[in-house]
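Topology and contacts: notes
Read off the chains here:
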Amino acid sequence: MAARLLLRSAFRAATTCRGAPVPAVTRAMAAGGIPTDEEQATGLEKVIMNAMKEGKDPYNMMKPKEYAGSKADPHLVPSITNKRIVGCVCEEDNTAVVWFWLHEGEAQRCPSCGSHYKLVAHELPH
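Residues numbered from 1 in each chain as written. Predicted model: local features only at pLDDT ≥ 70, side-chain atom pairs only at ≥ 80, totals over all residues. Heavy atoms only, no water.

**Notes on the environment of Y117**
- Here Y117 lies in strand β5 (residues 116-121).
- With a relative accessible area of 10%, Y117 lands in the buried category.
- It is 5.0 Å that separates the C-alpha atoms of Y117 and P74, two residues lying 43 residues apart in sequence.
- Residue contacts for Y117: discarding those within four places in its chain leaves P74, H75, V77, V86, C88, F100, L102, A107, Q108 and C110. (Helix = DSSP H or I, 4+ residues; strand = E, 2+ residues; numbered from the N terminus. Buried < 20%, exposed > 50% of the residue type's maximum accessible area, 1.4 Å probe, protein only. Contact = heavy atoms within 4.5 Å.)

**Considering the state of the cysteines**
- Overall, the coordinates contain zero disulfides when judged by the stated rule.
- With no disulfide of its own, C88 lies 3.8 Å from the sulfur of C110, the closest cysteine sulfur.
- C113 provides the cysteine sulfur closest to C90, a residue in no disulfide bond, and the two sulfurs are 3.7 Å apart. (Disulfide = S-S within 2.5 Å.)

**Here's the deal with the sheet that holds strand β4 (residues 108-109)**
- Reading across from one edge, β1-β5-β4 is the order of the three strands in this open sheet, with mixed pairing throughout. Two strands bound the open sheet, and with one partner strand each, they are β1 (75-79) and β4.
- The pairing of β1 with β5 spans five bridges and is parallel. Looking across to β5, one finds that H75 is bridged to Y117. (Pairing = 2+ DSSP bridges.)

**Details of the nonpolar core**
- Counting eight residues, the largest nonpolar core consists of V77, V86, C88, F100, L102, C110, Y117 and L119.
- Once you skip the residues sitting within four places of it in the chain, L119 turns out to touch V77, S79, T81, N82, K83, R84, L102, H103 and E104. (Core = buried A, V, L, I, M, F, W, Y, C linked by side-chain atoms within 4.5 Å.)

**Some thoughts on a nonpolar patch on the surface**
- Residues I85, V89, V97, W99 and W101 make up a contiguous nonpolar surface patch of about 520 Å² in total accessible area.
- Mapping W99 onto the fold places it in strand β3 (residues 98-103). (Patch = residues over 30% accessible without salt bridge, like charges linked within 9 Å, V, L, I, M, F, W, Y side chains within 5 Å. Areas by Shrake-Rupley, 256 points an atom, 1.4 Å probe, with all protein chains shown as cover. Salt bridge = Lys/Arg side-chain N within 4 Å of Asp/Glu carboxyl O.)

**Notes on the layout of surface pockets**
- For the largest pocket, the calculated volume is near 730 Å³.
- Along its surface, the largest pocket is lined by 18 residues, and P64, K65, Y67, L76 and P78 are the ones closest to its centre.
- Those elements that place two or more of their residues in the lining of the largest pocket are β1 and β5.
- Per-element tally for the lining of the largest pocket: the top contributor is β1, with four residues. (1 Å grid on protein atoms, 1.4 Å probe; cavity = no way out; pocket = protein on both sides within 12 Å on 5 of 7 lines; lining within 4 Å. Points joined across faces, edges and corners; volume = space filled by probe spheres on them.)

This is the structure:
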């Protein structure tokens with residue numbers, strides 16, 4: 001009953017007040033469309049997006065490149081220090097991980113399977 005009364009009074013008010021036409025209210029984004037992720041990103045997200053456009057991977061979010069693991073083409077291990085501990089799953093079916101220290105300099109071999117690893121310097125993006 002109250003709803004019917006409100007609707008009737010709203011309809012009467014709309015029909016009796018025929019002033020100048022009021023322009024429709026539009027949102028700011030409606031004129032240009034929905035902003036893209038690049039337009040909307042700020043701070044660290046924007047830094048990451050710009051780095052990805054340049055082909056860089058600042059936080060190692062992408063799958064690492066595959067290397068042969070030979071002395072000529074060792075697995076590259078990024079590090080911010082001059083040494084890092086590395087785990088090698090020597091065989092595909094193996095459940096044990098062989099851990100060893102990798103030091104800066106020439107490529108080093110895994111003590112179990114013989115794959116070569118080389119430590120490379122990595123700069124933190126921030």
